[in-house]
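# Fold and contact review
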Amino acid sequence: MALISFVVPAFRVQGYLRECLDSILGQPETDLEVIAVDDCSPDSSGEIIDEYAARDQRVRSVRLPENVGLGPARNIGLDRAVGEYVWFLDGDDWLAPECLPEVAERLRVTRPDVLLVDHVRTHWNDSATRSAMAEVFPESPGAATFRLRDRPEAMRLLHTAWNRLVRREFLVDLGLRFQPGWYEDVSFSYPVLMAAQRIGVLDRVCVNYRQRRAGAITRTRGDRHFEVFPQWHRVFHLMDAWGPAVDALRPAVFERMIWHYLTVLGNGQRIAPELRPAFFTQITADYARWLPSGGYPAPGGVEGIKHRLAATGRWRTFSALRAASRARDTTRRKTRTARRRVGPAARRGARLARDGLLREYYRAELRRPVDPTLAVYAAYWYRGYACNPAAIYEVARRLAPGVRGVWIVRRDRVDTVPDGAEYVVAGTPAYYRALARARWLVNNVNFPDFVRKRPEQVHVQTHHGTPVKVMGLDQQRYPIGAGAMDFAGLLRRVDRWDYSVSANSFSTQMWDRAYPASYTTLEVGYPRNDRLVNAGPDEVRRLRAEFGLDPDEQVVLYAPTHREHLPGYRPPFDPDRFVEALGDSGRLLMRSHYFHDRDRGPRRTVDRDRVRDVSGHQRVEDLYLVADVLVSDYSSAMFDYAVLDRPIVLYTPDWEAYRLARGVYFDVTAEPPGAVATTFADLLDLFRTDAVRSDAATKARAHFRGRFCTLDDGSAAERVVRRVFLGEPDERPPRC
């Protein structure tokens, strides 16, 4: 029997579930089990759970045939738990590193019925807010245990299931279950404390309580927040059933109830304005119904005024005071913001004077009607006609001929636009007009900050790779790689997205956590890879001839990624020694990351008989098709090239440094698409011995393709066009 059974329900948490499970399984204390419950989640949460269960015998996967809700899902996990203690951890939260040995030690020494642990609220900007633990217990109780009647202040700790471990036999004997509906923690957490004979407190931060930017019920408006009332009613009905044993706790429980009601009402992200009067009326009714005969310890100050107004049902006065308080806070916030902007505003003066007229023109165009036939395309910060947007554009011309596609390109990249394709040059009046009036905005990166998406516009973010390195908000934990990135600005740009195109389930999971917003994910494969699937032998021969490559030559494409944290870095790679290892029939194509075209200084150009620099070639898909082998490192090129099912070699001489400084989502050296070399000498040996095509490398590639390439069937662009431009529904069956 394990010491601790973790019950982890999962519903729409695919972006966070791996971090949650890793935080449990990676603890030094191993006397545990994890019952992970897929509550019929429509995302990939169930597949993630099965993956962990397959590789760690401590994880048990439970897949529910229908969605039952958080409370019943926890009950199902509890019924399967065998540990001495149960810890209900939500799938989007995670444990603090190395906290579990201290938790386990306290459990083994004191044997409490309930052990309360500390937590922090972790926000999207990677900041953390401490809990009320220090205020509730200014002096730590230490290892001593107590009953709630002796320390009723314990009820002032957050009433959640995940900040407490409960002895399983005590919980089973009590017969307490989670109730369905929202706010299910209320009717569990308070009764557990009231019934416990031995309560312990561990004032160590053990849980990171994620404050999700999107998707949490605390940020979801609707009438389901009225479900808080029956949850509290259950608490008082239990107290009635338990009788005099808990009567002394009624005043403190009542105070918590009114505090909770007012907290929910005061959160503008939960209760819509039209529902607030009815919510307030219910508070007044519960106040009269459950008020203890001897009164209760009402708070002082402003909070006390709120309690008195709730008691007397004075909604208009309550509402007026709330509005006045919010107006005062808004004025203070604007004043602080204005003071901070004085310096930056002065520095921006010259730039604003330079392009002010064009921006005024853009604002004027925003007042004109949206063109219902216009789609604007862009790629790589206007570097030209390329990537997923180009593939979507080509299919849209065929399937949606009534849509007029216009490309945005830099002036020095006009030559990349194919004949017959319409374009505008960035920075010109036509550019601003197109951005203001297009019905569709399609890009593989973000448009500039000044762009305002109108309600009638549809923004399609195609992305441009499956992520190995961490992206978006996750970069906050790796400041060396993030540099001076403006994360608040990033989120404002992400909020413009209506659709996010995803190449595979893994990408979807990572985008969910890196770019939290309310967009719709199109998990359809990458449109740019359609060409790799559909290209036949004749096209490959034609391309090789255009590159001057003989049919019997072994062509290797070397495409390393960019190191943001090491400007100018190039992996140790000697092209002359490399082609020597290839033999007489070997040819090497070298391609730098597209970021490098920002470098304005001279760049060495290799153009010899057997080594060619192809960094300037516009369409990387051509290079994939002509190459027999890809050598890369942490680049998304490996995911695209794997579609061709040809040998891939990872050359990772700086893996540990890259992983620590830049941050990665998974260990590509442990789950590679083929052979791996960590030194240049090893890389040469792989080609000299032809180990790039060994059975082990082929098996690794098959596993990699099964995980990342199953959606690339040659029709990804068509799926995007039909959904976005033609408005056709998603015909795939639901996951659950």
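Below, the discussion takes up the confidence of the model for the chain. Across the chain, the average pLDDT comes to 91, with 94% of residues at 70 or higher. Low pLDDT, under 50, characterises residues 594-607; the predicted model gives this stretch 26 contacts beyond four residues in sequence or across chains.

Here we take up the environment of Phe 487. Position of Phe 487 relative to the elements: it lies in helix α17 (residues 487-494). Given the relative accessible area of 13%, Phe 487 is considered buried. A sequence separation of 465 residues divides Phe 487 from Asp 22, and the C-alpha atoms of the two residues are 25 Å apart. Dropping the residues within four chain positions of it, Phe 487 is found in contact with Trp 124, Gly 472, Leu 473, Gln 475, Gln 476 and Ala 482.

Before going further, it helps to spend a moment on the sheet that holds strand β21 (residues 648-651). Strands pair in a sheet through their backbones, by hydrogen bonds, and they do so in one of two ways: parallel or antiparallel. Overall, parallel pairing links the 6 strands, which are arranged β19-β18-β17-β20-β21-β22 in an open sheet. The open sheet has two free edges, formed respectively by β19 (611-613) and β22 (675-677), since each of these has just one partner strand. Ignoring which end each strand starts from, the neighbouring axes of this sheet average 20 degrees apart. Docked against the sheet, helix α21 (residues 575-582) engages β17 (554-558), β18 (586-590), β19 and β20 (629-632), running at close to 145 degrees with respect to β18.

Looking now at helix α11 (residues 301-312). An ideal rise of 1.5 Å per residue puts 16 Å on 12 residues; α11 measures up with 17 Å between its terminal C-alpha atoms. Regarding α11, the residues found buried are Gly 304, His 307, Leu 309 and Ala 310. Just past α11, the residue Gly 313 takes up positive phi, approximately 70 degrees.

Now for the packing of aromatic side chains. Overall, the coordinates contain 49 aromatic pairs when judged by the stated rule. An angle of 80 degrees between the planes, with centres 4.9 Å apart, marks the rings of Phe 639 and Phe 708 as edge-to-face. Remark: Phe 708 occurs in helix α26 (residues 695-708) and Phe 639 occurs in helix α23 (residues 637-641); sequence separation between them is 69 residues. Here Phe 639 and Phe 708 have matching classes, each one buried. Taking the ring centre of Phe 146 as reference, the NZ or CZ of Arg 151 above it sits at 5.7 Å. Its guanidinium or amino end placed over the ring of Phe 450, Arg 359 lies 4.0 Å from that ring's centre, counting from NZ or CZ.

The backbone of Glu 98 shows a phi angle near 60 degrees, a positive value even though the residue is not glycine. Even without a glycine there, the phi angle at His 463 is positive, about 60 degrees. Turning to its location among the elements, His 463 is positioned in the loop between β14 (458-461) and α16 (479-482).

The rules behind these values
Residues numbered from 1 in each chain as written. Predicted model: local features only at pLDDT ≥ 70, side-chain atom pairs only at ≥ 80, totals over all residues. Heavy atoms only, no water. pLDDT = per-residue confidence, 0-100. Contact = heavy atoms within 4.5 Å. Helix = DSSP H or I, 4+ residues; strand = E, 2+ residues; numbered from the N terminus. Buried < 20%, exposed > 50% of the residue type's maximum accessible area, 1.4 Å probe, protein only. Pairing = 2+ DSSP bridges. Axes fitted to C-alpha atoms, helices over the stretch in contact; angles between N-to-C directions. Expected span 1.5 Å × (residues − 1). Phe/Tyr/Trp six-rings, centres within 6.5 Å; stacked < 30°, edge-to-face > 60°. Lys NZ or Arg CZ within 6 Å of the ring centre and 35° of its normal.

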